Amino acid sequence: MTDPEVTTLVEDGVHRTVCRMCHGGCGALVDVRGGRLTRVEGDPDNPNNRGFLCAKGRASLDQLYGTDRLTRPLLRTGPRGSGSFRPIGWEEALDRVADALDRTRTRHGPESLVVAQGTDRNYQEWLFRFANSYGTPNVLGPAHVCFYPRVMAGILTMGAFTFCDYEGSPDVVLLWGCNKSMTHGDGVIGTRLLDAVRRGTRMIVVDPRRTALANRAQHHLPVRPGGDAALALAMIHTVIEADAYDHDFVRDHTVGFEDLADHVAAYAPEKTEHLTGVRAADVREAALAYASAPAAAIELGTGAQQNRNSFHVSRALAILSAICGNIDRRGGDVIFEPPGIIGRRTLPLTEALPTEQHPKRLGADRHRILSMAGWAHPRAVWDAILDHRPYPVTTMLVHGSNLLVNYADSDRVHAALDSLGFLAVADLYLTPTAAMADIVLPVGGWLERDQIVEHAHYVAARRRFAQVGECRSDEEILSGLATRLGLGDTFWDTTADSLDARLAPIGMDFKALTDQHYRATPLTYEKYRTQGFATRSGRFNIRCDALRAFGYAPLPVHRPVAERPEDGPYLLTSAHSPFFFNSEFRNLGPLRAKEPDPVVELHPEAAAREGVQDGAWVLVSARGRTVRMRARVTDTIAPDVVVAAATWWYPERGADGGWRESNLNRLTGDDDENEEMGSSNFRGIRCAVRPEPDA
Ligand SMILES: Nc1nc2c(c(=O)[nH]1)N[C@H]1C(S)=C(S)[C@@H](COP(=O)(O)OP(=O)(O)OC[C@H]3O[C@@H](n4cnc5c(=O)[nH]c(N)nc54)[C@H](O)[C@@H]3O)O[C@H]1N2
Ligand SMILES: Nc1nc2c(c(=O)[nH]1)N[C@H]1C(S)=C(S)[C@@H](COP(=O)(O)OP(=O)(O)OC[C@H]3O[C@@H](n4cnc5c(=O)[nH]c(N)nc54)[C@H](O)[C@@H]3O)O[C@H]1N2
Ligand code: SF4
Ligand SMILES: [Mo]
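Residues numbered from 1 in each chain as written. Chains lettered and ligands numbered in written order. Predicted model: local features only at pLDDT ≥ 70, side-chain atom pairs only at ≥ 80, totals over all residues. Heavy atoms only, no water.

Peer 1: Summarise the overall build of the protein; cite the residues concerned and give the values.
Peer 2: Along the protein, the regular secondary structure elements total 25 helices and 29 strands. Taken over the C-alpha trace, the protein has a radius of gyration of 24 Å; the compact-globule value for 695 residues is 26 Å, and the two agree within 12%. The principal-axis extent of the C-alpha atoms belonging to the protein is close to 70 × 65 × 55 Å. Working note: accessible area of the protein is about 24,500 Å², and carbon and sulfur atoms make up 49% of it. Looking at charge distribution, the protein has the averaged site of its 78 positive side-chain charges lying 0 Å from that of its 89 negative ones. (Helix = DSSP H or I, 4+ residues; strand = E, 2+ residues; numbered from the N terminus. Rg over C-alpha atoms; globule rule 2.2 N^0.38 Å. Areas by Shrake-Rupley, 256 points an atom, 1.4 Å probe, with all protein chains shown as cover. Lys, Arg positive; Asp, Glu negative; His and termini not counted. Charge placed at Lys NZ, Arg CZ, Asp CG, Glu CD.)

Peer 1: Give a detailed account of the side chain of His457, specifying residues and quantitative values.
Peer 2: With respect to the element layout, His457 can be found in the loop between β19 (448–455) and β20 (458–464). Given the relative accessible area of 16%, His457 is considered buried. For His457, the contacting residues outside a window of four places in its chain are Phe336, Glu337, Pro339, Arg519, Ala520, Thr521 and Leu523. (Buried < 20%, exposed > 50% of the residue type's maximum accessible area, 1.4 Å probe, protein only. Contact = heavy atoms within 4.5 Å.)

Peer 1: Can you lay out helix α5 (residues 148–158) for me, pointing to particular residues and giving the numbers?
Peer 2: Within α5, 10 of the 11 residues are buried, leaving the element largely enclosed by the surrounding structure. Residues of α5 that are buried: Tyr148, Pro149, Arg150, Val151, Met152, Ala153, Gly154, Leu156, Thr157 and Met158. Positioned one or two residues after α5, Gly159 has a phi angle of 70°, which is positive.

Peer 1: Account for the domain arrangement of the protein, naming residues and giving values.
Peer 2: Domain annotation for the protein reports domain 1 (162–335) and domain 2 (565–691). Centre-to-centre, using C-alpha coordinates, domain 1 lies 27 Å away from domain 2. In this assembly, 18 residues from domain 1 lie in contact with 23 residues from domain 2. Between domain 1 and domain 2 lies a buried interface of about 1,700 Å² when both sides are counted; carbon and sulfur atoms form 53% of it. On the domain 1 side of the interface with domain 2, the three residues burying the most area are Arg209, Gln306 and Arg308, jointly 35% of the side's total. In this structure, the connection of domain 1 to domain 2 is made through 1 salt bridge. Across the pair Arg210 and Asp635 runs a salt bridge whose closest N-O atoms are separated by 3.4 Å. Where domain 1 packs against domain 2, one counts 11 residue pairs in polar contact (both at pLDDT 80 or more). Counting residues per element, the ones that place at least two in the side of domain 1 that touches domain 2 are α6 (180–183) and α14 (310–323). With 3 residues, the single largest contributor to the side of domain 1 that touches domain 2 is α14. (Domains from an automatic or database assignment. Buried area = accessible area lost by both parts, 1.4 Å probe. Salt bridge = Lys/Arg side-chain N within 4 Å of Asp/Glu carboxyl O. Polar contact = N/O pair within 3.5 Å; in protein donor to acceptor, adjacent residues only side chain to side chain.)

Peer 1: I'd like a rundown of unusual backbone geometry, residues and numbers included.
Peer 2: A cis geometry characterises the amide bond from Arg389 onward to Pro390, with omega recorded as -10°. Of note, Leu349 is a non-glycine position whose phi angle comes to about 55°, a positive value. In this structure, Leu349 sits in the loop between β15 (333–335) and α15 (368–372). What makes Leu349 buried here is its relative accessible area of 15%.

Peer 1: Any details on the site of ligand 1? Residues and values, ideally.
Peer 2: Taken together, 32 residues are adjacent to ligand 1, and Asn406, Asp427, Asp474, Ser583 and Glu584 come closest. At 2.6 Å from an oxygen atom of ligand 1 is found a side-chain nitrogen or oxygen belonging to Glu584. In isolation ligand 1 exposes 920 Å². Once the protein is present, 97% of that is buried. (Near = heavy atom within 4 Å.)

Peer 1: Could you give an account of the environment of His455, with specific residues and numbers?
Peer 2: Tracing the backbone through its elements, the reader meets His455 in strand β19. If near-sequence neighbours (up to four positions away) are discounted, His455 is found in contact with Arg20, His23, Gly24, Gly25, Asp186 and Gly187.

Peer 1: Hey, could you go over the site of ligand 2 for me, with residue numbers and the actual values?
Peer 2: Around ligand 2, the surrounding shell holds 32 residues, and the nearest of these are Thr183, Asp207, Asp228, Thr302 and Phe580. In this structure, an oxygen atom belonging to ligand 2 sits 2.6 Å away from a side-chain N or O atom of Asp207. Between ligand 2 and Asn582 there is a distance of 2.7 Å, counted from an oxygen atom to a backbone nitrogen or oxygen. Contact with the protein chains removes 97% of the 910 Å² of surface that ligand 2 exposes when unbound. For the shell around ligand 2, the secondary structure elements donating two or more residues are α6 and β24 (570–575). With 3 residues, the top contributor of residues to the shell around ligand 2 is β24. Split by residue class, the shell around ligand 2 holds 12 nonpolar, 15 polar and 5 charged. Here the shell around ligand 2 spans two domains, and each of domain 1 (162–335) and domain 2 (565–691) adds at least three residues to it. (Nonpolar A, V, L, I, M, F, W, Y, C, P; charged D, E, K, R; others polar.)

Here you go:
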């Protein structure tokens, strides 16, 4: 692609918008000069990031003007995955996809279509709307290893989801498996944490790595990968034993405290040291520092979500917060009230899915809480494609997910994609997953679409500045398919209509939101005092009887990871890179230059034992599979822990993107997932590391 394929759609000047290189949502200023976008900067007036823009945000124009963007729909002409395609027009592309979807519906039933999406770019609800209208209960996403164990733990425990109230100046923030200053997830930018720290907030960090945040923390608990549930329960044990809990809150607003007190007797810090890897005295000190803070918040990240106890850790930490009186407290974990637009709650049109389709959701039999949230489980999807169990899945429509490197057991994912009857992928790039498709649909990035950004308790406007080739937005593609499938009634004629309609309930249109740019719903505190909690009991469910009814444990437990000692002596885990976004951006020069190769960190003792030099290529193996990475020797982790780059591929290597070579998920499996959410276990996997022969 050459530069002339990018058309600027706005006048010269500085324009306000919201970045979406990741799902953080920083306010950004876009400078347009001489008819070209020349600079993207942080918006100092946006309360979310106050002028900050990370390395990824600063690479936005490399994405817009990059020469490897998809610019036209493609039709596969050679064997699947070979990379042979020819360009076709949009009419033909959408007709072909709609045809395939229509045939699937008639021949096998609508559930034989799986609609997949990746890291949300504010179109997730559109995808659900499409799936529900079409009639398939099967929407696949990374929810089970990302955000949803927390979301669903919150909903079952207190009928809501909480966010850290940084502006309320917490005395303590407990950062649990969350490297916020690097990852800035979900509308809460790490700079807000760092501002609070500057104002005096103290940090407790639970992370196997001594990260930059851990270095600045009052307490760092270097948990053994996967030991989180035991550690959280040990902290609850300590707080109850020391009588450091909030008696009034517990008495007036909770259910099951006595059961909890009995239950955690088994989790004393001394008894769980072998599971947590943290000295009992350190656990006690940190727990009491948290409990004695007048207001404390918990920031829970994927460090503790990608393990078989994800749901239990999430419940345990909600309970820790509650018994210390921090739920909905100023400077604590605040229940936000979503803006009243047609958005997260109503846009998916859940009621459109016929009742008889719900029980057909793949994975619903095993992972009932995940299914309750509307998500199919990936292993069940691969089973349905490969073994036609419990019914055949023949067709997939993928919007913005690189399934082949981001899901557990990539080789099985590959086998599944390879045997589909029809696969369509919408993406900006020809990823290894897109290269498997029958039809590839080119989509525009964040600078190429008008969108409503909905985060926590605010809405903002994202603006369309440019058109790249023939790219379309996901919303336009889904509307185009819906019309062809006779579902047009549930969609809008144009994107502009949809934006206005969605804002109408708050008395605005898109123009007004654009002018105002950012609109927040003010936070209110301790709403439970007048309203109770939105649970059946009206109280905070320490003991959750609904879970018992599902056949799950009503109090949080720790289940040890099923280790495979034969795979090697080290405990493998991963962390997201500051310069990439999951599998994205290895193709963007300035970011790749910061981290040219996939890195695996190991301790100097491990390096000496294996004969590995810092910077050398090594082989990491587990489950009979091997990937290669470059060693970084560091004493910021324990001698038996290794931390590897996740979801790596090589965009410069042609159609298959070299996805087999350095992709950590070839070493992960999905046989050790938890029951409730089906979270794959990416933590504490046994592995071996050795120098690459002849390297
Ligand atoms: N071992 C291990 N595995 C992991 C993780 C880990 O830490 N360790 N992390 C997990 C987590 S938390 C997650 S969320 C998943 C992420 O897994 P995915 O959801 O697959 O995420 P991405 O790699 O971000 O892939 C997103 C794709 O969407 C494309 N894209 C970007 N913007 C748009 C858009 O607006 N529209 C469309 N249609 N496409 C777009 C990008 O080019 C990219 O190819 O991976 C999980 N996998
Ligand atoms: N720059 C950048 N930003 C991102 C992403 C990215 O890839 N790059 N990905 C986005 C996505 S999809 C998500 S979900 C968020 C994730 O953002 P975070 O929640 O911050 O997740 P991670 O970086 O995966 O892991 C956080 C920390 O967990 C630690 N950890 C590893 N294993 C364990 C363990 O067993 N227990 C505990 N307690 N900690 C452990 C890691 O060392 C790491 O420091 O970030 C988002 N933002
Ligand atoms: S943190 Fe995310 S939203 Fe903010 S500047 Fe970086 S990429 Fe953009
Ligand atoms: Mo994620």
